[in-house]
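Observations on the three-dimensional arrangement
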Amino acid sequence: MTEETLLEAEEKMEKAVVVAKEDFAAIRTGRPGPATFNKITAEYYGTQTPINQLASFSVPEPRMVVVSPFDKSSMQAIEKAIRDSDLGVNPANDGNVIRVAFPDLTEERRREYIKVVRSKAEDGRVSIRNIRRHAKDSFDKAVKAGEIGEDEGHRAQEELEEITHKYVAEIDELLKHKESELLEV
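The sections below set out a description of the structure shown in this document. (Residues numbered from 1 in each chain as written. Predicted model: local features only at pLDDT ≥ 70, side-chain atom pairs only at ≥ 80, totals over all residues. Heavy atoms only, no water.)

**Here's the deal with the environment of Met 75**
Take Met 75: it is sitting in helix H2 (residues 75–84). The class of Met 75 is buried, set by a relative accessible area of 4%. Met 75 has contacts with Pro 69, Asn 93, Gly 95, Asn 96, Val 97 and Ile 98, leaving out every residue within four places of it along the chain. (Helix = DSSP H or I, 4+ residues; strand = E, 2+ residues; numbered from the N terminus. Buried < 20%, exposed > 50% of the residue type's maximum accessible area, 1.4 Å probe, protein only. Contact = heavy atoms within 4.5 Å.)

Printed below as a string of structure tokens:
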């Protein structure tokens, strides 16, 4: 029972790290890419659909992304979704493709991005701690119910702490890397 709970907790913590990685990838540091658009959704036939499923992306110039919708009828919705997103850009629609010109990152914008990155890292840490708390509660209940011994419960909790520290350290490392990326000029 303890092994299953630990394995389940570790899988969930791993997913929390993956989510943090995806959140960090969506924050551009220098050259924008398709990952910048991962979290943006547009209305497509009455359903919110990620725009990376509605269009292809190319980067012909360092500060320009060209969005080519697969279905031309979705062009207005994609353009509106990009404009309304937190990217701070104004897309240009020429009827065939949408051109998104990204301004140079100012020092102020970099500082804002660092705050966003820190907030997303803290969200990841909180979700890992919540997973730890749920697993710890299940160990405590199992000990109380007599399903496992106190020693085994204590050992499992120590192992859970090690796993938690490992994944929190991973998020901290991702944060450190992203901050240094943002501060590069």
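**Observations concerning helix H3 (residues 107–145)**
Two residues of an α-helix separated by three or four positions point the same way, owing to the 3.6 residues in each turn. Taking 1.5 Å of rise per residue, 39 residues should cover 57 Å, and H3 covers 57 Å from first to last C-alpha, within 8% of that figure. What H3 keeps buried is the set Arg 110, Tyr 113, Ile 114, Val 117, Ala 121, Gly 124, Arg 125, Ile 128, Ile 131, Ala 135, Phe 139 and Ala 142. For H3, the secondary structure elements touched by its buried residues are helix H1 (2–25) and helix H4 (150–183). (Expected span 1.5 Å × (residues − 1).)

**Points about the sheet that holds strand S4 (residues 64–69)**
Taking strand neighbours across the sheet as the criterion, the 4 strands line up as S3-S4-S6-S5 in an open arrangement whose pairing is antiparallel. The open sheet has two edge strands, strand S3 (55–61) and strand S5 (92–93), and neither has a second partner. Taken together, the 5 bridges between S3 and S4 define a ladder with antiparallel strand orientation. Residue pairing in the sheet places Ala 55 in a bridge with Pro 69 of S4. (Pairing = 2+ DSSP bridges.)

**Structural notes on the packing of H1 against H4**
Where H1 contacts H4, the two axes come as close as 10 Å, and the packing angle between them is 10 degrees. For the element pair H1 / H4, the angle class is roughly parallel. A breakdown of the residues in the contact of H1 with H4 according to their chemical character gives 14 nonpolar, 2 polar and 9 charged. (Axes fitted to C-alpha atoms, helices over the stretch in contact; angles between N-to-C directions. Parallel < 35°, antiparallel > 145°, perpendicular 65-115°, else oblique. Nonpolar A, V, L, I, M, F, W, Y, C, P; charged D, E, K, R; others polar.)

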